[in-house]
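# Structure assessment
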Amino acid sequence: MTIDFSKFSDGLVPAIIQDAETKSVLMLGYMNEEAYAQTIKTQRVTFFSRSKNRLWTKGEESNNFLDLVDIKIDCDQDTLLVFVEPMGPVCHKGTDTCWGERNVPQYGFFSHLEEVIRDRKDNPEDNPDSYVAGLFKKGINKVAQKVGEEAVEVVIEAKDDNDLLFLNESADLLFHFMVLLRAKGFGLRSVEKTLISRHK
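An account of the accompanying structure is given in this report.

Cut-offs applied
- Residues numbered from 1 in each chain as written.
- Predicted model: local features only at pLDDT ≥ 70, side-chain atom pairs only at ≥ 80, totals over all residues.
- Heavy atoms only, no water.
- Helix = DSSP H or I, 4+ residues; strand = E, 2+ residues; numbered from the N terminus.
- Rg over C-alpha atoms; globule rule 2.2 N^0.38 Å.
- Buried < 20%, exposed > 50% of the residue type's maximum accessible area, 1.4 Å probe, protein only.
- Contact = heavy atoms within 4.5 Å.
- Areas by Shrake-Rupley, 256 points an atom, 1.4 Å probe, with all protein chains shown as cover.
- Lys, Arg positive; Asp, Glu negative; His and termini not counted.
- Salt bridge = Lys/Arg side-chain N within 4 Å of Asp/Glu carboxyl O.
- Phe/Tyr/Trp six-rings, centres within 6.5 Å; stacked < 30°, edge-to-face > 60°.
- Lys NZ or Arg CZ within 6 Å of the ring centre and 35° of its normal.

### Notes on the overall build of the chain
On a plain count of helices and strands, the chain comes out with six helices and six strands. For the chain, the N- to C-terminal ordering of α and β elements is β-β-α-β-β-β-β-α-α-α-α-α. Since a compact globule built from 200 residues should have a radius of gyration of about 16 Å, the 23 Å found for the chain marks it as more spread out than a globular shape. Looking at the 200 residues of the chain, the share that counts as buried comes to 34%. Within the chain, contacts between residues separated by at least 24 positions form 47% of all contacts whose residues are at least 6 apart in sequence. Accessible surface, the chain as shown: approximately 12,600 Å² in total, 53% of it carbon and sulfur.

### So, the side chain of E114
Assignment of secondary structure puts E114 in helix 2 (residues 109–122). Buried within the structure, E114 lacks any salt-bridge partner; R182 is the closest side chain of opposite charge, at an N-O distance of 4.9 Å.

### Observations regarding the packing of aromatic side chains
Within this structure, the stated rule accounts for two aromatic pairs. Note on F5 and Y36: the rings are 6.2 Å apart at their centroids and 55° apart in plane angle, and the pair reads as tilted. Taken together, the positions of F5 in the segment before strand 1 (13–19) and Y36 in helix 1 (residues 33–42) put the pair 31 residues apart, joining distant regions of the chain. Since its relative accessible area comes to 11%, F5 is described here as buried. Residue Y36 is classed as partly exposed on the basis of its relative accessible area of 23%. The aromatic ring of F65 is capped on one face by R44, whose charged end is 3.9 Å from the ring centroid.

Printed below as a string of structure tokens:
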């Protein structure tokens, strides 16, 4: 597919910038045909700046370049999805994204659960009746023991035909493993990085 730069009177198409690794949306810019060609040639994202009325390579002043990984064109051929590796904060205000959000991987509900577990560990006095805070209080040996117990339960249920019990035990194992990760000072991102480093 080719980009239809003629679709809009100013010859500009929106370019959504997304981190190729974390999948976070970083910013929105506009490209004309020349900016697109420059991006492909240099492998660094270049926009057409409407305020400067010229080509503008992101990072040309701050050195926070956006190194190009890939570009996709939408079904109407008038919007770009640009996958990048950012070389620093993307927003001119110094934040990771132009929406003021941190550029970190998101794992859906697991990310929320990680935050809850972190809060129970860091603020046990705010949650005196919390099961998780109680586990942390008992120490690393107890947390590790729970992971072992849940792993055995998963193996047992895997040999039977009750899918509901198997999924419940799997959820217990994942949950307690996330508690163990936090007890050791790690998170899901740490495990993901290890798996990525092994991937060939």
